[in-house]
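Breakdown of the fold
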Amino acid sequence: METKKVWFVTGASKGLGKTLVTELLKQGYDVVGTSRSNSSLTEAIGEHENFLPIELDIVHDGEVKEAVQKAVDRFGRIDVVVNNAGYSQIGALEELSDEEARTNFDVNVFGSLNVIRHTASHLREQQSGHIFNIASVGGLVGNFPAFGIYCSTKFAVAGFTEALAVEMKPFGVHTTLVYPGYFRTEFLTAGSAKTPTSPVDAYVSARESEAQHLQQINGNQPNDPQKGIELLIRVSQLDNPPVHLVMGADAYEMVQQKINLLQEETEKWKELTFSTGF
């Protein structure tokens, strides 16, 4: 019966989403995969009896509502939701336009909220299910020059996921916030990551960070996408899955550094912190 769970995966035409959908179909799950282009889904995944590809732009609430209904009409239910769609907007805060910043939030934050809004009611009524929100280690550690907007979108995902976990728990629905490190996918390629349209030369550290990610880290990421999605599937089968899931030794190290930094700073400034009481 485990293999008959129905998965709903956004951003299924490339990256972790593509790898996840491919493995799910191989294991016999029923899968709904979404992407902004149906042709890209067909090219990436192919045609399968237990696969429903849906062309969907998650920033449009009405389209999301229709896609969720199509999934339920086809398979009768949705058991596991994976909010994977998203992209990285590169650029220092000053040099990014209002449109560039808002568009990144529209996709990474409000797009995921649209999916949650229209799938949660089905999971709640079933009294079962699992929601995976794919954040990033950059949603816990934000000190990357040129990645402030992207990191802030993932901080937002982390914040609403923690609230979602306690909201859905009474209905028997699990929620997992995923903090991936660097995985060797297309995420840092020109077709996925976006660079600023009006860069400011003064931001040397931003340009260095941008170049490091696009030219050095890209293609040399330490984590295997196949092992990452196998971990997600394994977690989906647990009776008591974690709310916070760090993926990758690199992510673990960055999280530990952030924890240590917070402990050191809060202790260092404890006298000021306690000075506000009546």
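Report follows, based on the coordinates. Note that the structure is a prediction, hence the values are computed from the model and not measured.

1. What to know about the sheet that holds strand β3 (residues 51-55)
- In spatial order, the strands read β3-β2-β1-β4-β5-β6-β7; together these seven strands make up an open sheet with parallel pairing. The sheet is open, and its two edges are formed by β3 and β7 (244-247), each paired on a single side. Neighbour to neighbour, the strand axes of the sheet diverge by 15 degrees on average, direction disregarded.
- Together, β1 (6-9), β2 (30-35), β3 and β4 (80-83) form the strand contacts of helix α1 (residues 15-26), whose direction differs from that of β1 by roughly 165 degrees.
- Across the sheet, helix α4 (residues 98-126) is in contact with β1, β4, β5 (129-134) and β6 (173-180); its angle to β4 comes to roughly 175 degrees.

2. Some remarks on the nonpolar core
- Within the largest apolar cluster, 33 residues are counted, with the highest numbers of intra-cluster contacts made by F8, V32, I58 and I78.
- Taken together, the elements giving at least two residues each to this core come down to β1, β3, α3 (61-75), α4, α5 (148-168) and β6.
- Setting aside residues no more than four positions away along its own chain, I58 makes contact with T10, V64, A85, V107, G111, S112, N114 and V115.
- Listed in part, the 25 residues of the second largest apolar core include L16, L41, A44 and V235.

3. Some points on α4
- Spanning 29 residues, α4 covers 41 Å between terminal C-alpha atoms, matching the ideal 42 Å at 1.5 Å per step.
- Of all bends in α4, the biggest is about 40 degrees, found at D106.
- At the exit of α4 stands Q127, carrying a positive phi of roughly 65 degrees.

4. Concerning the packing of aromatic side chains
- For the structure on display, the rule yields two aromatic pairs.
- Look at W7 and Y29: their rings are 5.8 Å apart centre to centre, the planes differ by 75 degrees, and that puts the pair in the edge-to-face class. Pair noted here: W7 is in strand β1 and Y29 is in the loop between α1 and β2, with a separation of 22 residues, a long-range link.
- According to the relative accessible area criterion, Y29 is buried, its value standing at 0%.
- Ring centres 6.4 Å apart and planes at 10 degrees place the aromatic pair W7 and F132 in the stacked group. Pair noted here: W7 is in strand β1 and F132 is in strand β5, with a separation of 125 residues, a long-range link. When sorted by exposure, W7 lands in the same class as F132, which is buried.
- Through pairs of rings, three or more aromatic residues link up here, namely W7, Y29 and F132.
- Between R124 and the ring centre of F171, over which it is positioned, the NZ or CZ distance is 6.0 Å.
- Against the face of Y87 rests K194, its NZ or CZ located 4.7 Å from the ring centre.

Thresholds, definitions, all that
- Residues numbered from 1 in each chain as written.
- Predicted model: local features only at pLDDT ≥ 70, side-chain atom pairs only at ≥ 80, totals over all residues.
- Heavy atoms only, no water.
- Pairing = 2+ DSSP bridges.
- Helix = DSSP H or I, 4+ residues; strand = E, 2+ residues; numbered from the N terminus.
- Axes fitted to C-alpha atoms, helices over the stretch in contact; angles between N-to-C directions.
- Contact = heavy atoms within 4.5 Å.
- Core = buried A, V, L, I, M, F, W, Y, C linked by side-chain atoms within 4.5 Å.
- Buried < 20%, exposed > 50% of the residue type's maximum accessible area, 1.4 Å probe, protein only.
- Expected span 1.5 Å × (residues − 1).
- Bend = angle between axes of the 7 residues up to and from the residue.
- Phe/Tyr/Trp six-rings, centres within 6.5 Å; stacked < 30°, edge-to-face > 60°.
- Lys NZ or Arg CZ within 6 Å of the ring centre and 35° of its normal.

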